[in-house]
Amino acid sequence: PLERTRFDCLSELVVDGTNGLIFRDARQLASQLLRLLAPTKEAAAALAALRAGVAASEAKRPRWAENWNEVAAPVLLPRGAGPHAATSRLMRL
């Protein structure tokens, strides 16, 4: 599970309480860590729920190659070049 301080596009990666926890400051981070790592059944259940949330969100996220082909290649490669053009160009160097 991910713990992260707030930043503008954080919601693209972390759903607070589902696949991670968001904190505002060191005090809140410490509190969250103590709650998750306490030797209690509640802490173990909360940590297990976050782990399951991470697994579920990662299963939906496109892999690097898929993301490259769908997002970056159309913007960065010349029109008509296949999605693997940059890779084949690098291999010729």
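Residues numbered from 1 in each chain as written. Predicted model: local features only at pLDDT ≥ 70, side-chain atom pairs only at ≥ 80, totals over all residues. Heavy atoms only, no water.

Q: Tell me about the overall build of the protein chain, and please be specific about residues and values.
A: From N to C terminus, the protein chain includes 4 helices and 2 strands. For the protein chain, the sequential pattern of α-helices and β-strands runs β-β-α-α-α-α. With 93 residues in all, the protein chain has 23% of them scored as buried. Of the contacts made within the protein chain by residues no fewer than 6 positions apart, 30% connect residues no fewer than 24 positions apart. Element-wise, carbon and sulfur atoms account for 61% of the exposed surface of the protein chain, whose accessible area totals about 7200 Å². (Helix = DSSP H or I, 4+ residues; strand = E, 2+ residues; numbered from the N terminus. Buried < 20%, exposed > 50% of the residue type's maximum accessible area, 1.4 Å probe, protein only. Contact = heavy atoms within 4.5 Å. Areas by Shrake-Rupley, 256 points an atom, 1.4 Å probe, with all protein chains shown as cover.)

Q: Can you tell me about helix 3 (residues 64-76), naming the residues and giving the values?
A: For the α-helix, the turn length of 3.6 residues means that residues three or four positions removed from each other point alike. End to end, helix 3 covers just 15 Å across 13 residues, shorter than the expected 18 Å (1.5 Å per residue, more than 12% under). At glutamate 70, helix 3 shows its largest bend, some 40°, and a proline, proline 74, comes one to four positions later. (Expected span 1.5 Å × (residues − 1). Bend = angle between axes of the 7 residues up to and from the residue.)

Q: Lay out helix 2 (residues 41-60) in plain terms, naming residues and giving numbers.
A: With 20 residues, helix 2 should reach 28 Å at 1.5 Å per residue; the first-to-last C-alpha distance of 29 Å fits that figure. Inspection of helix 2 places Ala43, Leu47, Leu50, Gly53 and Ser57 among the buried residues, and these make up the whole buried set. Viewed end-on, helix 2 has its buried residues packed into an arc of 120°, placing them on one side of the element. Helix 2 presents Lys41 and Ala59 as exposed residues on the side facing more than 90 degrees away from its buried surface. Buried residues along helix 2 sit in contact with strand 2 (20-23) and helix 1 (26-37). (Arc of directions from axis to C-beta.)

Q: Talk me through the environment of leucine 13; I want residue IDs and the actual numbers.
A: Along the polypeptide, leucine 13 turns up in the loop between strand 1 (2-5) and strand 2. Ignoring any residue separated from it by four or fewer positions in sequence, one finds leucine 13 in contact with Asn19 and Arg61.

Q: Quick one: what's the story with the side chain of serine 57, residue by residue and with numbers?
A: Here serine 57 shows up in helix 2. A polar side-chain atom of serine 57 sits 3.2 Å from a polar atom in the side chain of asparagine 19. (Polar contact = N/O pair within 3.5 Å; in protein donor to acceptor, adjacent residues only side chain to side chain.)

Q: Lay out the environment of asparagine 67 with the relevant residues and their values.
A: Tracing the backbone through its elements, the reader meets asparagine 67 in helix 3. Among residues more than four places away in sequence, those in contact with asparagine 67 are Pro62 and Ala72.

Q: If you had to explain the environment of leucine 33 to someone new, which residues and values would you point to?
A: With respect to the secondary-structure elements, leucine 33 resides in helix 1. Through-space distance from the C-alpha of leucine 33 to that of alanine 43 is 9.7 Å; in sequence the pair is 10 residues apart.

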